[in-house]
Amino acid sequence: MTAFIAIDVFGQKQNALFVKNNTYNSQLEFLQEYHEAYPLGSSLGENNIRSISIDKNNTVYIASASGVYKKNDNESSWKSLPFNETDNGPAYAVIVDEKNNIWIANWKGVFQFRENSITKMAGTEGPISVLCTSQEGLYALGPAGIWLYDGNNFSKKNYPVAKSVRGAISDNHEGLWIATDVGLYHATKNGTTHFFKTDMLISAGLKAAAVHNDGSIWVAGLGGISVIKNNKRKKFITTKDGCPSNYINCIKKSSDGAMWVGTNVGVVRFYPDGKRSLRFSRRWLLDDHVNDIAFDQNNNAWIATENGVSAIKRRPMSLSSKQDYFYAVLMRRHIREPWIAGQCRLLAPGDTARWQPEDDDNDGEYTGNYLAMESFRYAVTHDEDARQKAKKAFHFLKLLQDITNGDGYFARSIVPVEWTDRVHDNNRVYSEREIAEELVVDPRYKPLETRWHKSADGKWLWKGDASSDEWCGHMMGYYFYYEMAADKEEKKIIREHVASLVDHLIAHDFTMVDVDGKHTHWSVWSPTLLNNDPEWAQDRYQNSMELLAFLKFAYYLTNNEKYQQHYLRLINKEHYLENMSHIPEQNPAWFIYFDVTLQAYLYPILLHCEKNPKLLAFYQQHMDKWMEKRKDDHNPLINFLYCYARNKKTGLQQSADFLVNTPLDLVDWNIDHTKREDVKIVHTPVLNEWQVNELPDASIRATVRWDNNPWRAISGSPETEKEPVFWLYPYWLGRYLKMIL
């Protein structure tokens, strides 16, 4: 019996569900986090939000360099508070007291906002930079002193503290904890204690303080968080403990006990159970520099940044309802004629309201993933809609061959002929100098001046130079469509189609030959080249596996002995099985994460189509060894494909975590982990790519395509929204395996 606990995005346990046989309930609800952006205006002064507070009606108040504004619940626009021209100006703090009164600190002093009018309060001297509520009243702090409002008047407190006041909280005993540039003060009626030494504080440069559930004081500032209890240091929390930056600007406790820490690199949450989570990048925040945090009546977080206000909200979802959401997005924006699944281009970065479809070099591979997904959806639900959509996807992939008029040669993608001026890699002429430059970098380089060709009927443009990864994606899609969803007539078409593709390879020394009579840049599986040409040594192991899978699949479908004979010859005479055996020890100079995904595509074919016990045992052991190296990726597609191929149930918790934690936002926002100080930037496991030493959670990872490296340090293009097949495919595969119910 395995326990799975739904954790909401604020770190609290919601429901514990104990299920048998290593399965996860797709109806189990969790709280899904999502981001809403509320920029204030176009100028820097307006969007530099310094303080934020929320009243009992969920009206949000913000203080900025240009004044004070409010936004009513369920509205999106901000309205300036009715200051007169004399008093309006830079504001530093806004706060709501227990009676729902709104207090404002600005350059002139303290103001109260009630019944849509502003009243300047007498008794203080501006500027006032910090406000603090307490049982005894409202404290106002600034360079000129500290005052307490008792409900009638402000009276000055003679606390001997520095003028550089940055934050203050009540000690609940008629005293204050005050954070300054020169340390922490505890000001009470019996005297004031100044803490600044490093035996108590990480540094004296402080910004804010908050009270933890255990009564300790969390003091935020330069270097991290100093935790104090009973006037003694309890612990330090630094970048080694999960702070993404040494610059801590604010700290607030939510009603569920989580400590929200605002930094120069986003907001990190420390939960009562010891876990933590980070929110940063434009996916979650208008700016990573966080100045203040407040919570509404629903415990949604409102975050004041240097570039506007971000609300991190949550709503109940289950894996089942999340599937509904992603599937609707897929159908709305990511299927284009004649049934291609792919990304779309956003006409304004991040704005999904204005978009257009676009072509991709790997439209075939990604539609192969979509074909597999719909096939599993049909196998689970027996919904005819899934089968018909799988059929459309298959016939697009088949069209890629038909449109070339080739003998098994297929295109990368097709687009309407009207797209001539907006396709990627448009036709062009290369100079001899340009070709020379490319050949020095890649001696296998193949200049193609005509990449796009017009179809015979004049309706389409098709792109040549298809690659080996396209082959792998196609074959995987064909296999699962054949096994899961195709009817008798469709199975006949699949058999004939796959046979024609493999026949093309056999006829051309196991290469795919382009319209120029030469093999494409990447589609080479020839033993002549793989085993003898040093320029193809880096592809020897991977491509040997690929060709064995293609031949075995063709034999499985057709029972034609010629495919089996070529398969056995490559094993016995060309050492392709031995070549494949070295995949888990690939030379690091030749390792790319993309190959991992291609291998995952093909293992099910090899393990399910091979009937020879000795060869099957080899493939089984090979995949086990391969999976041992991949388990730390926490990749649900790899995990579930492994379970399918090996008839096992393993890796479910990591897979379910990914599915739960994946954001709803599919915009490919820039994610830059090099900003963070809580991780290390490394060159492993891929030497030629910057990566982080800790696998990022799905919530702070670049929008996924499974051929991308999940450990990447920098990635993203906000002009693009990725298709949600990366989520839907493992979800339905998990459902088919009955690991997700």
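Here the structure is a predicted model, which is why all the values come from computation and not from measurement.

## Details of the overall build of the protein
Phase 1 of the analysis: Each helix and strand counted, the protein has 16 helices and 44 strands in total.
Phase 2 of the analysis: Summarising its shape, the C-alpha atoms of the protein cover approximately 95 × 55 × 55 Å along the three principal directions.
Phase 3 of the analysis: In the protein, which comprises 741 residues, the proportion classed as buried is 58%.
Phase 4 of the analysis: When the accessible area of the protein is evaluated, it comes to approximately 30,100 Å², of which 46% is carbon and sulfur surface.
Phase 5 of the analysis: Counting 85 positive and 93 negative side-chain charges, the protein places the centres of these two groups 5 Å from one another.

## Comments concerning the packing of aromatic side chains
Phase 1 of the analysis: The full count for this structure, using the stated rule, is 33 aromatic pairs.
Phase 2 of the analysis: An angle of 75° between the planes, with centres 5.5 Å apart, marks the rings of W260 and F295 as edge-to-face. Placement of W260 in strand β25 (residues 259-263) and of F295 in strand β28 (residues 290-295) is noted, with a sequence separation of 35 residues between them. Per residue, the accessibility class of W260 equals that of F295, and both read buried.
Phase 3 of the analysis: On the numbers, 5.2 Å between centres and 50° between planes, the contact of F410 with W471 is tilted. Separated by 61 residues along the polypeptide, F410 in the loop between α4 (384-402) and β35 (414-416) and W471 in helix α6 (residues 468-484) bring together distant segments of the chain. An identical accessibility class is assigned to F410 and W471; each is buried.
Phase 4 of the analysis: Taken together, the aromatic side chains of F376, Y479, F480, F553, Y644, Y729 and Y736 make up a single cluster linked through ring pairs.

## Considering the sheet that holds strand β16 (residues 165-170)
Phase 1 of the analysis: Judged by pairing direction, the sheet is antiparallel, and its four strands sit side by side in the order β16-β17-β18-β19 without closing on themselves. Each having just a single partner strand, β16 and β19 (191-195) make up the two edges of the open sheet. When the angles between neighbouring strand axes are averaged without regard to direction, this sheet yields 20°.
Phase 2 of the analysis: The pairing of strand β17 (residues 176-180) with strand β18 (residues 183-188) spans five bridges and is antiparallel. Along β18, the bridge assignment pairs W177 with H186.

## What to know about the environment of T23
Phase 1 of the analysis: In this fold, T23 is placed in the loop between β2 (13-19) and β3 (30-38).
Phase 2 of the analysis: Residues T23 and N190, spaced 167 residues apart in sequence, show a C-alpha to C-alpha distance of 61 Å.

## Considering the packing of helix α13 (residues 613-630) against helix α14 (residues 636-646)
Phase 1 of the analysis: Contact geometry of α13 with α14 gives a least axis separation of 11 Å together with a crossing angle of 160°. Considering the angle they form, α13 stands roughly antiparallel to α14. With respect to the hand of their crossing, α13 and α14 are arranged in left-handed fashion. Judged by residue contacts, Q620, M623, D624, W626, M627 and R630 of α13 engage I638, N639, L641, Y642, A645 and R646 from α14.
Phase 2 of the analysis: In terms of residue class, the contact of α13 with α14 is built from seven nonpolar, two polar and three charged.

## Details of the sheet that holds strand β14 (residues 145-149)
Phase 1 of the analysis: Here four strands make up an open sheet; going across it, the order is β12-β13-β14-β15 and the pairing antiparallel. Either end of the sheet is taken by a strand with one partner, and the two such strands are β12 (130-134) and β15 (154-157). Strand after strand, the sheet turns through a mean of 25° between neighbouring axes, direction not considered.
Phase 2 of the analysis: Strand direction decides the pairing type here: β12 and strand β13 (residues 137-142), joined by five bridges, are antiparallel. By the bridge assignment for β13, V130 is matched with L141.

Definitions and cut-offs
- Every chain is numbered on its own, with residues counted from 1 as its sequence reads.
- Given that this is a predicted model, residues contribute local features only at a pLDDT of at least 70 and side-chain atom pairs are listed and counted only at 80 or more, while totals for whole chains, interfaces and linings are drawn from all residues.
- Hydrogens and water are ignored here; the side-chain numbers use all heavy atoms of the structure.
- Starting at the N terminus, helices and strands are each numbered in turn, a helix being any DSSP run of H or I of at least four residues and a strand any DSSP run of E of at least two.
- Buried, partly exposed and exposed residues are distinguished by accessible area as a fraction of the type maximum, computed with a 1.4 Å probe on protein chains only: under 20%, between the cut-offs, and over 50%, respectively.
- Note that accessible areas follow from Shrake-Rupley with a 1.4 Å probe, and for residues the cover is restricted to the protein chains shown.
- Note that His is not counted, nor are the chain ends; the positive residues are Lys and Arg, and the negative ones are Asp and Glu.
- To locate a charge, take atom NZ for lysine, CZ for arginine, CG for aspartate or CD for glutamate.
- Each Phe, Tyr or Trp ring, with Trp reduced to its six-membered ring, pairs with another whose centre is within 6.5 Å; inter-plane angles below 30 degrees give stacked pairs, above 60 give edge-to-face pairs, and intermediate values give tilted ones.
- The rule for pairing is simple: two strands pair if DSSP sees at least two bridges between them.
- For helices, the fitted axis covers only the stretch in contact; all axes are lines through C-alpha atoms, and the angles between them, taken along N-to-C directions, range from 0 to 180 degrees.
- Reported orientations rely on four angle classes, namely roughly parallel under 35 degrees, roughly antiparallel over 145, roughly perpendicular from 65 to 115, and oblique for the rest.
- Left-handed describes a crossing whose near helix is turned anticlockwise from the far helix by less than a right angle; the clockwise case is right-handed.
- Any pair of residues with heavy atoms lying within 4.5 Å of one another is described as a contacting pair.
- Gly counts as polar in this scheme, as do all residues outside two lists: the nonpolar Ala, Val, Leu, Ile, Met, Phe, Trp, Tyr, Cys and Pro, and the charged Asp, Glu, Lys and Arg.

Remember, this is a structural readout, not a statement about activity or role.
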